[in-house]
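What follows is the residue order along each chain.
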Amino acid sequence: MRIIDANNITEEIKRMVIEANYFLPEDVMKALENARKNDDWKLSQDILDKIIENARIADTEQVPMCQDTGMVVVFLKIGQEVIIKNGYIGDAINEGIRRGYEEGYLRKSVVGDPIKRLNTNDNTPAVINYEIVPGDKLNIMVAVKGFGSENMSRLKMLKPSDGLEGVKDFILETVELAGSNPCPPIVVGVGIGGTFEKVTLLSKKALLRDLDSYNEDPFYADLEREMLERVNNLGIGPQGFGGRTTALKVNIEYFPTHIAGLPVAVNINCHATRHKEVTL
Amino acid sequence: MDYKLTTPFTRESLKNLMQGDNVYITGFMYTARDAAHKRLVDLIDNGKELPIDIKGACIYYVGPTPAKDGQALGSAGPTTSYRMDAYSPKLLDLGLMGMIGKGMIGEEVIEKIVEHGAVYFGAIGGAAALISKSIKSAEIIAYEDLGAEAIRKIYVENFPVTVIIDSRGDNLYKRGREEYLKRKMQRKEEGKSNMED
C-alpha cells in the first residue's frame, strides 16, 4: 500500500497543462524537421518553417503555441495498491486544471452544457479515463485536445466482410473529408476493434503515442507505414495548400472485437500532439 | 504575388487579389467566432443595429488566449471557418469584405463573396504565437461576457495571410492541390524523385 497526496496530483496537473501548451514535444519537433527536409514543394516548406518558428517562439517566450489550448483529457493508470488521501482524485485533477489555465494564461474553452453553451470559465471539467493496474504507482497522461481537429474525427462500425480494405478506405476518406480544416500537417490516430466506445479510446491513445514509435505488432507497424504513405499521396499538404506533408504520422492501436463487428475510429490531431506524462 | 493592404477594404482594393497571393494587412479589424456571430445575426434578424462598423470590415475568426504583460493579445491563430457559414452570408450582404480563418467554406458563402467582390483569407492554423506578434492593440467592444469569444477591435501591422477564395471565387485549396499533384505526376513520368526547381 502506498499513499499519494491529492495535492500533489493537483500540482502535477497544473504544471503539465501549462507545459503541454507551451512546449512542443521533442518527437513532434523532430518529425516536423524531417518533414521539412523531405518536402520539396516550396509552399509546403514555407509553412513548415513558420510552424517550426511558432514552436520556438512559444518555447522561448513561454506562451501557448496555439490559441486553442484545448479541452483536457486525462488517462490515469492507478496501481491497485495506491491510496489517495486529502481529497477525491477527480476533484484534485480539475483543481489543477483550474489553476493551470488561470496562471498559465490559457484560454478557457469549455462550455458547461453542450446545448445551453455557457462557458465554465476555468476550462473544467476534464474528460478523465480511469484504469486500475497492478502495482503501487500512479501514472498520469494529460492531453490538451483542440477541436479544429477533434471535429474532423469519425467512427464507423464496419462489417467483418469490409476487412482490411474497408479500414484503409475509411482512414483515407476521413483525412480527405477533413482537408484543410484540422491545420495539416496532421497526426492520425486510428483505433480498430473493441466496441463502440472502446474503439474511440484506442484512437485517442494512438494519438498520444510518440511519433517516432511504431505498433509493436509488425502487421500494424506496416499498416502505419502504408497508411502514412497513402495519406501523403493525397496532395492536401500543409494547411491544405497542396504538398506532400499532409500527415506526420499514422498511429494505430487495436483490440479484440466481436465476431459480428469491425469498429474503426479515426481521431485527428493537428501536428502538435500536446501531451505530458508523469508517474507518481 | 505579395501585396500590402490596409483596412477597411473596398471592392476596388480587393479586385486584383488572386488565390495563392500572400497579403500583409495593416489597420483595424474585428475578432469574432461562433457565439459572437450568432448574436450579430440575431441582431440583424431583429432589425437592430450592429455593435461593429460592418462596411468594408474584415473579421478575423479567432478566440485568443489571455494577454501576458507586454502583449496586446495572447496567442491568436485562426479557428475553422465553416462553423461561421450559417452567419457570414448575412454579414457579407451588409458590407463585410474580408474574412480570415482556416479551412474550406461553403458554396453559399463563396457565391456571396463573388457577388460582393469580397475575399476569404487563410492565416496559418497552428502559428498562433507567431501571428500574435503582428497584433498591436486590442479592445473589447462587444459581448465581454463571452470571454475569449468577445468581439475585439484589433489593430494589426503586416498581418500575414494568404488568399484562399478570391473575388472571382477561385479556390487555393483546389488549385494548390491540383498543381502539386500535376507536378508530382509530371516528375514521376520524367523519372525524377526530386521536385525542387
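None of these values were measured; they are calculated from a predicted model.

## Points about a nonpolar patch on the surface
A cluster of nonpolar side chains, contributed by Met1(A), Ile3(A) and Ile83(A), occupies part of the molecular surface with about 340 Å² of accessible area. Looking at where Ile83(A) falls in the secondary structure, it is placed in strand β3 (residues 82-85).

## Side note on the pattern of salt bridges
Applying the stated criterion across every chain, the model contains 42 salt bridges over all chains. Between Glu150(A) and Lys204(A) there is a salt bridge whose closest N-O contact spans 2.7 Å. Residue Glu150(A) is located in helix α5 (residues 147-150), and its partner Lys204(A) is located in helix α7 (residues 196-208); the two are separated by 54 residues in the primary sequence. Where Arg168(B) meets Asp166(B), a salt bridge forms, and the shortest distance between an N and an O atom there is 3.9 Å. Residue Arg168(B) is classed as partly exposed on the basis of its relative accessible area, which comes to 47%. Here the salt bridges share partners, and the residues they tie into one network are Glu11(A), Glu95(A), Arg98(A), Arg99(A) and Asp122(A).

## A closer look at the domain arrangement of chain A
All names here are of chain A. On domain assignment, one finds that chain A holds domain 1 (2-20 + 65-145) and domain 2 (148-278). The centre of domain 1, based on its C-alpha atoms, is set 25 Å off from the matching centre of domain 2. Taken together, the contacts link 22 residues of domain 1 with 17 residues of domain 2. When the buried area of domain 1 at its contact with domain 2 is split by residue, Phe 75, Met 141 and Lys 145 rank highest and sum to 40% of it. Linking domain 1 with domain 2 are three salt bridges. Linking domain 1 with domain 2 are nine residue pairs in polar contact (both at pLDDT 80 or more). At the level of secondary structure, the elements contributing two or more residues to the side of domain 1 that touches domain 2 comprise α1 (6-22), β2 (71-79), β4 (127-133) and β5 (138-145). By residue number, the principal contributor to the side of domain 1 that touches domain 2 is β5, which donates eight residues. Its residues assigned to classes, the side of domain 1 that touches domain 2 shows 12 nonpolar, four polar and six charged.

## Overview of empty space enclosed by the protein
All names here are of chain A. Tallied over the entire structure, the rule returns one cavity of 30 Å³ or more. The calculated volume of the largest cavity comes to roughly 50 Å³. Looking at the largest cavity, the residues that line it are Ala 143, Val 144, Lys 145, Lys 204, Leu 207, Leu 208, Asn 269, Thr 273 and Arg 274. Those elements that provide at least two residues to the lining of the largest cavity are β5 and α7. Class assignment of the residues belonging to the lining of the largest cavity gives a composition of four nonpolar, two polar and three charged.

## Focus: the state of the cysteines
Residue and element names in this part refer to chain A. Throughout the structure, instances matching the rule amount to zero disulfides over all chains. Cysteine Cys 66 is unpaired, with the sulfur of Cys 270 as its nearest cysteine sulfur at 6.3 Å. On the basis of relative accessibility, which here comes to 18%, the residue Cys 270 falls in the buried class.

## Some remarks on the interface of chain B and chain A
Facing the 45 residues of chain B at the interface are 42 residues of chain A. Roughly 3,400 Å² is buried in total at the junction of chain B and chain A, and carbon and sulfur atoms are behind 55% of that figure. The largest share of the area that chain B buries against chain A comes from Lys68(B), Arg177(B) and Tyr180(B), three residues that together contribute 19% of it. Counting across the chain B and chain A interface gives two salt bridges. Between Arg177(B) and Glu176(A) there is a salt bridge, and its shortest N-O distance comes to 2.8 Å.

## A look at the sheet that holds strand β7 (residues 186-194) of chain A
The strands making up a sheet are joined through hydrogen bonds of the backbone, oriented either antiparallel or parallel. Residue and element names in this part refer to chain A. Reading across from one edge, β6-β9-β7-β8 is the order of the four strands in this open sheet, with mixed pairing throughout. Each having just a single partner strand, β6 (154-158) and β8 (247-257) make up the two edges of the open sheet. Across the sheet, the axes of successive neighbouring strands diverge by a mean angle of 15 degrees, strand direction being ignored. Note: β6 against strand β9 (residues 262-270), five bridges, orientation antiparallel. By the bridge assignment, Met 157 is partnered in β9 with Pro 263. Along the sheet, helix α6 (residues 163-178) makes contact with β6, β7 and β9, crossing β9 at roughly 30 degrees. Packing against the sheet, helix α8 (residues 218-232) makes contact with β7 and β8, and its axis sits at approximately 140 degrees to β8.

## Quick notes on the packing of α6(A) against α8(A)
Residues and elements named next belong to chain A. Running from amino to carboxyl end, α6 crosses α8 at an angle of 40 degrees, the nearest separation of the two axes being 11 Å. As the angle between them shows, α6 and α8 are arranged oblique. Handedness of the α6/α8 crossing: right-handed. For the pair α6 and α8, the contacting residues are Leu 164, Lys 168, Ile 171, Leu 172 and Val 175 in the first and Phe 219, Leu 223, Glu 226, Met 227, Arg 230 and Val 231 in the second. Tallied by class, the residues present in the contact of α6 with α8 amount to eight nonpolar, no polar and three charged.

## Concerning the layout of surface pockets
Considering only enclosed or pocket space, the largest pocket measures out at about 1,200 Å³ in volume. The set of elements that each furnish at least two residues to the lining of the largest pocket consists of α5 of chain A together with α2 (34-45) of chain B. For the lining of the largest pocket, the element with the highest residue contribution is α2(B), accounting for four residues. Within the lining of the largest pocket, the residues separate by chemical class into 17 nonpolar, 17 polar and 15 charged.

## Observations concerning the sheet that holds β2(A)
All names here are of chain A. An order of β4-β2-β5-β10 is seen for the four strands of this open sheet, with the pairing classed as mixed. One side of each edge strand has no neighbouring strand; the edge strands of this open sheet are β4 and β10 (275-279). With direction set aside, neighbouring strand axes in the sheet form an average angle of 10 degrees. Bridge count for β2 against β5 is eight bridges, and the pairing is antiparallel. Bridged to Phe 75 within β5 is Met 141. Packing of α1 onto the sheet brings it into contact with β2, β5 and β10, and relative to β5 it is tilted by some 35 degrees. Strands β2, β4, β5 and β10 of the sheet are contacted by α7, whose axis makes an angle of about 95 degrees with β2.

Rules and cut-offs
- Residues numbered from 1 in each chain as written.
- Chains lettered and ligands numbered in written order.
- Predicted model: local features only at pLDDT ≥ 70, side-chain atom pairs only at ≥ 80, totals over all residues.
- Heavy atoms only, no water.
- Patch = residues over 30% accessible without salt bridge, like charges linked within 9 Å, V, L, I, M, F, W, Y side chains within 5 Å.
- Areas by Shrake-Rupley, 256 points an atom, 1.4 Å probe, with all protein chains shown as cover.
- Salt bridge = Lys/Arg side-chain N within 4 Å of Asp/Glu carboxyl O.
- Helix = DSSP H or I, 4+ residues; strand = E, 2+ residues; numbered from the N terminus.
- Buried < 20%, exposed > 50% of the residue type's maximum accessible area, 1.4 Å probe, protein only.
- Domains from an automatic or database assignment.
- Contact = heavy atoms within 4.5 Å.
- Buried area = accessible area lost by both parts, 1.4 Å probe.
- Polar contact = N/O pair within 3.5 Å; in protein donor to acceptor, adjacent residues only side chain to side chain.
- Nonpolar A, V, L, I, M, F, W, Y, C, P; charged D, E, K, R; others polar.
- 1 Å grid on protein atoms, 1.4 Å probe; cavity = no way out; pocket = protein on both sides within 12 Å on 5 of 7 lines; lining within 4 Å.
- Points joined across faces, edges and corners; volume = space filled by probe spheres on them.
- Disulfide = S-S within 2.5 Å.
- Pairing = 2+ DSSP bridges.
- Axes fitted to C-alpha atoms, helices over the stretch in contact; angles between N-to-C directions.
- Parallel < 35°, antiparallel > 145°, perpendicular 65-115°, else oblique.
- Left-handed = near helix turned anticlockwise from the far one by under 90°.

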